[in-house]
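If you want the building blocks of each chain, they are given just below.
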Amino acid sequence: MPFLQRQSYRRRRLIDTVRMLPVVGAILWAVPLLWPTKEDVAGSADKAISTSDAIIYIFLVWLALVVLGAWLARLVKHSDALEEEGDR
Amino acid sequence: MGTLNILVGVCLMYVVFLFFVAFVAERAAIRGQSGWLRSPLIYTLSLSIYCTAWTFYGAVGYAARSGLEYLTIYIGPTLVVVGWWWVLRKLVRIGRTQRITSIADLISSRYGKSNLLAVGVTILAVIGTTPYIALQLQSVTISFDVFSNAYGESLTQTSQDSNALWVASGLALFTIVFGTRNLDVNERHHGVVMAIAVEAIVKLFALLAVGVFVVWGVAGGVGDIFARIDSSALGQWQMRGDRWAALIFLSAAAFLCLPRMFQVMVIENEEEDHLRTASWAFPLYLMVMSLFVVPIAVVGLDLMPAGSNPDFFVLTVPLATGNDGLAMLSFLGGFSSATSMVIVAALALSTMVSNHIVMPIWLSTQSSGASVSGDVRHVVLLSRRISIAAVVFLGYLYFRLSGGGAALASIGLISFAGVAQFLPVLLGGIFWRGATRTGALVGLTVGFVIWAYALLLPSFGTGTLISETVLAEGPYGIGWLRPQAFFGITGMDPLIHAILWSILLNTVSFFVASLVGFPSPLERLQGAQFVNVFEHSSTPQGWSGSLAQSEDLMVMAQRIIGAREAQSLFEKEAKRQGVSGLLPEPSPDFLQSLERELAGSVGAATAHAMIGQIVGGASVSVEDLMAVADETAQMMEYSSRLEAKSEEQARTARQLRQANDKLTQLSEQKDNFLSQVSHELRTPMTSIRAFSEILRDSERLTDDEKIKYSSIIHDEAIRLTRLLDDLLDLSVLENGQVNLNQQTGVLSDVLDHALSSALTGNAFAELKIIRQLSREKLSLTTDLDRLSQVFINLIANAQKYCDAEKPVLRVEVGRGDAQLVVDFIDNGSGISKEDQTVIFEKFARTGEQRVSGAGLGLAICREIMTRLGGTVDYLPGQGGAAFRVTLPEQVALAAQ
């Protein structure tokens, strides 16, 4: 039945999203590796990233991960329920 | 000592409160009212034992020293938990299906229930955790010290030590009371989990309270605190990239491998679904925990005199600003962090020590074997209790010996790096079937040796355990083995250096040794079980025993899991097997499940050994492995059979549909026939009635008229008779009551007779007949009258239905394989495809009813031919209507 197939297809893609989330988080949190440090800018005109900016960036990533994680967790539960209905 | 007394009083009250919480939770669990104990929230909060006193106090100190580096310690676990679908979900599932009791049990179970591996992991875990426990004790004592200093009461070294001893004893007592209350087969401790959940709230609340106070009480809100941060010494990004990446990796690895984390995450997990909630709730907890760390550090650096210990800003900042209540709360937060860590760590380590070291030794000293020894249950509990006390005391000892100096502060990351050595073996075990016991042993050994050599020993300070010359020039002057510059690569951060080389070489040697070695059957079985835990969650059969051993097993089980539990387990199994009495057959299934029950109490390796002692012999053979493979093959076969079956069903359904269509068509034909037959019967009847009435009622009829009318009546009566004869004939033929009158004759004579009968008196259509007389000279032995009846019918049909302008009928005689064939082919428009399927049915009449007829002729023909041992079929594709009559060869041969 095309309806069920579509459903389980959706569920697989949902799981893919769940799997990708930590990867996305790791990439976003790897961005600080690119920032110039205090030593890097010593003697040049550039300014190092200020700690407050760094805090804001890192915690925004964190918040996004929590919110996305919660949303996906809800979806996973929802699709679990559907899956069981579909199976039995 | 007044303030200190208050402090001690508050502490005691808090501890009493914890005991009370744990007690209530245990009671509720026993009475089965544990619904609220099993909420995902409790699970998430219990994970927070990751945040120890080291993170509660230490994070602020860390931030004050190294800026945002402290965040790595939280970011790693966040990524692991957010990625729950990858590893945690699998770990939890394996933990539940295999009744894993600790990380050592998991690793030993995976690699063929090897006790050597379990002992190794246990010892390494103790080495890695003891300094950490010491660190907790230190933080509690120092926080006492800080408090008393603030009130001008300085503690002597001895009273500090005795404080630590008191705290250690209290923690050991709590762990013993609630951690070894019962020998639960599932190894879950509701009291402990509830208590640490409460402590998680206390420490979060305390840190938040201090944070809020600092931001809005000391500084002037968010804007001001950001300004203060940027203008402070920490104001600019100063993170080294290698440390950032490596520490995130390290904390993620440690989060998975720390024995205490494994305990709360996998062992105490009530439901797999809780992980789903924790996947976002725990990162949220970590985020909130780390939110105010930098503000507190910056304000502390501003506020406190230079040279004060930044590790205790959380405590000293409220004290310095005169907020005694807040300081007290903060003290309780730190106390909570320390105690919950020690409790769970002691619990996890004691399980490992007792299951993998004490019990095997004890069992081997019992010469008589497991079945006849004393009360094993009691021994297990006792060994757990002693192990708890020993682990906590070891921590205390470490604290005393290290002198509580600054060396301890750096021990957190060193400890992390130590347990992170489990990571390759752990992940390899659950994702790679090829990982072997030898590989695990080699990998762990290499990793730990490098860790100890490059990180642990130098951490005690140059000259204590490792000499200056070794550090500078390498052992025996071998330059490329310098502890902090392997292969001559200098200039690396010592911590990063050690992590990189230990994990890298650990992984490589684990991999290579696994590739080279050859695993035992049990290892391969367990490997398949672990790696494919989602495909088949059952364990394969391993044991085979005889009935005589059931009693021994019962005796042993009673001693380990308790008499009542064991009896009900055996009784249930006996009932399932349909055996009368209490003792079931020791079927492989039963032995397997019994082993798992026992494993819940004493660990997989010990349980395996105990059952092995009673049942004896190698438990897994190549044949068993083959059986497992067979099972898989059978399942595949089964599914392909199912597929075939469903195809067959689809075919049957198609056939049924066809049959149904035919039936419907036939029923329609019957209705048509009935109306036709009544019409056919009525027409002659009407004329018979009419003419007989004329004959009866009219007196002035001439003789000619009389003859004419009577002959009409006569003809109509004949027509009626013929119709009735046909019906009768058909029914006789169908019932098989016909008697064949065997005669011998020549085919051409039969055809001659048939043609003359069929064509006489039908002048209205001139049917031209084409025959092959030479071929017709065949003698036949059969019922010639019946055969001729068939021919007449076919010829008459051609005459009646052939719609060509100049109708021609060809009669062709031929020989097929072992049969004689006579074809009647006309040059009309033939019979449509739909009609072809039904013309031989009774009552069938083709589309337009141009010519009258009851539709019985062909049905009769078919019946006759069947009786004669031949057939009559429609022959499609001849350019007109064509019928083929076949006769068995012997009919013709017999006469030659």
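Residues numbered from 1 in each chain as written. Chains lettered and ligands numbered in written order. Predicted model: local features only at pLDDT ≥ 70, side-chain atom pairs only at ≥ 80, totals over all residues.

Asker: What is the right way to look at the overall build of chain A in this model?
Answerer: What chain A contains, in helices and strands, is 3 helices and 0 strands. Listing the helices and strands of chain A from first to last along the sequence gives α-α-α. Residue burial in chain A is summarised as follows: out of 88 residues, 18% are buried. (Helix = DSSP H or I, 4+ residues; strand = E, 2+ residues; numbered from the N terminus. Buried ≥ 20, exposed ≤ 12 C-beta atoms within 10 Å, placed from the backbone.)

Asker: Is there a simple way to explain the overall build of chain B in this structure?
Answerer: Along chain B, the regular secondary structure elements total 35 helices and 9 strands. Counting only residues that meet the buried cut, chain B has 47% of its 896 residues in that class. Taking all contacts inside chain B whose residues are at least 6 apart in sequence as the whole, residues at least 24 apart take part in 80%. (Contact = placed C-beta atoms within 7 Å.)

Asker: What exactly am I supposed to notice about the environment of G67(B) here?
Answerer: Locating G67(B) in the fold gives a position in the loop between α4 (58–66) and α5 (72–82). For the pair G67(B) and A233(B), spaced 166 residues apart in sequence, the C-alpha to C-alpha distance is 8.7 Å.

Asker: Please explain the packing of helix α10 (residues 190–218) of chain B against helix α14 (residues 274–291) of chain B as it appears in this structure.
Answerer: When two helices pack together, their arrangement is given by the angle between their axes and by how far apart the axes lie. All names here are of chain B. With their axes 9 Å apart at the nearest point, α10 and α14 run at an angle of 40 degrees to one another. Considering the relative orientation of α10 and α14, their crossing is left-handed. In contact with L204, L207, L208 and G211 of α10, α14 contributes Y285, V288, M289 and L291. For the contact of α10 with α14, the residue count by class is 7 nonpolar, 1 polar and no charged. (Axes fitted to C-alpha atoms, helices over the stretch in contact; angles between N-to-C directions. Left-handed = near helix turned anticlockwise from the far one by under 90°. Nonpolar A, V, L, I, M, F, W, Y, C, P; charged D, E, K, R; others polar.)

Asker: Hey, could you run me through unusual backbone geometry in this one?
Answerer: For residues that are not glycine, phi is negative in most cases, and the peptide bond is trans in most cases. Even without being a glycine, K113(B) presents a positive backbone phi close to 50 degrees. For K113(B), the position within the fold is in the loop between α7 (103–110) and α8 (115–150).

Asker: Would you take a moment to explain the sheet that holds strand β7 (residues 819–826) of chain B for this structure?
Answerer: Residues and elements named next belong to chain B. Taken in spatial order, the 5 strands make up an open sheet running β4-β6-β7-β9-β8, and their pairing is mixed. With partners counted over all chains shown, the strands left at the sheet margins are β4 (768–771) and β8 (871–874), one partner each. The mean angle between the axes of side-by-side strands here comes to 20 degrees, regardless of whether they run parallel or antiparallel. Here β7 runs beside strand β9 (residues 882–888); their pairing, made up of 7 bridges, is antiparallel. (Pairing = 2+ DSSP bridges.)

Asker: Would you mind going over the environment of S39(B) with me for this structure?
Answerer: All names here are of chain B. Relative to the helices and strands, S39 is located in the loop between α1 (2–30) and α2 (40–47). Since 15 C-beta atoms lie within 10 Å of it, S39 is described here as partly exposed. A C-alpha to C-alpha distance of 8.6 Å links S39 and E270, two positions 231 residues apart in sequence.

Asker: Is there a simple way to explain the interface of chain B and chain A in this structure?
Answerer: By a frequent convention, interface size equals the accessible area lost on bringing the separate parts together. Facing 31 residues of chain B, the contacting portion of chain A comprises 31 residues. Elements represented by at least two residues in the side of chain B that touches chain A include exactly α5, α11 (222–231), α12 (241–257) and α14 of chain B. Per element, the largest residue contribution to the side of chain B that touches chain A is 7 residues, and it comes from α14(B).

Asker: Got a minute to help me understand the confidence of the model for chain B in this structure?
Answerer: Detailed reading of the predicted coordinates is not advisable wherever pLDDT is low. Residues and elements named next belong to chain B. Here chain B shows a mean pLDDT of 81. Residues at 70 or above account for 86%. Here residues 369–373 is modelled with pLDDT under 50, and outside its nearest four sequence neighbours on either side it reaches 12 contacts, counting other chains as well. Contacts for the low-pLDDT stretch residues 537–542, under 50 throughout, to residues beyond four places or in other chains number 15 contacts. (pLDDT = per-residue confidence, 0-100.)

Asker: Explain α10(B) here, please?
Answerer: Side chains three or four residues apart in an α-helix point the same way, a direct result of the helix having 3.6 residues per turn. The terminal C-alpha atoms of α10(B) lie 41 Å apart, and with 29 residues this matches the ideal 42 Å at 1.5 Å per residue to within 8%. Of all 29 residues that make up α10(B), 21 are buried, and the element is covered over most of its length. (Expected span 1.5 Å × (residues − 1).)

Asker: Hey, could you run me through the nonpolar core in this one?
Answerer: The nonpolar side chains of soluble globular proteins are, as a tendency, buried together. Residues I107(B), C257(B), I296(B), V314(B) and A346(B) are the most contacted members of the largest nonpolar core, which totals 226 residues. When residues no more than four places from it in sequence are discounted, the contact partners of A346(B) are L171(B), A172(B), T175(B), I388(B), V391(B) and V392(B). (Core = buried A, V, L, I, M, F, W, Y, C linked by C-beta atoms within 7 Å.)

Asker: Help me out: how do you make sense of the pairing of β7(B) in this one?
Answerer: Residues in a regular strand project their side chains so that they alternate between the two faces of the sheet. All names here are of chain B. Taken together, the 8 bridges between strand β6 (residues 808–816) and β7 define a ladder with antiparallel strand orientation. Among the inter-strand pairings, G816 is bridged to a residue of β7, identified as Q819. Taking the residues that link successive antiparallel strands as the turn, the β6-β7 hairpin has 2 residues, and the phi of A818 there is positive, at about 60 degrees.

Asker: Looking at this structure, how should I read the packing of helix α15 (residues 293–303) of chain B against helix α16 (residues 313–320) of chain B?
Answerer: Residue and element names in this part refer to chain B. The N-to-C vectors of α15 and α16 enclose an angle of 55 degrees; their axes lie 10 Å apart at closest approach. Comparing their axes, α16 and α15 come out oblique. In the crossing of α15 with α16, the sense of the turn from one axis to the other is left-handed. Across the interface between the two elements, I296, A297, V299, G300 and L303 from α15 touch F313, V314, V317 and A320 from α16. When grouped by side-chain class, the residues that make up the contact of α15 with α16 number 8 nonpolar, 1 polar and no charged. (Parallel < 35°, antiparallel > 145°, perpendicular 65-115°, else oblique.)

Asker: What am I meant to see in the confidence of the model for chain A here?
Answerer: For chain A, per-residue confidence averages 81 on the pLDDT scale, and residues scoring 70 or more make up 81% of the total. The lowest-confidence element of chain A is helix α2 (residues 38–41) of chain A, averaging 70 in pLDDT; the highest-confidence one is helix α1 (residues 2–30) of chain A, averaging 85.

Asker: What is the right way to look at α7(B) in this model?
Answerer: Residue and element names in this part refer to chain B. Counting buried residues in α7 gives 8 out of 8 residues, a clear majority hidden from the surface. Among the residues making up α7, those that are buried are I103, A104, D105, L106, I107, S108, S109 and R110. One or two steps after α7, the chain reaches G112, where phi turns positive at roughly 70 degrees.

Asker: Which parts of the structure should I look at to understand the pairing of β9(B)?
Answerer: Residues and elements named next belong to chain B. Judged by how many residues are buried, β9 sits mostly within the fold: 6 of 7 residues are covered. Here β8 pairs with β9 via 4 bridges, running antiparallel. By the bridge assignment for β9, T871 is matched with T886.

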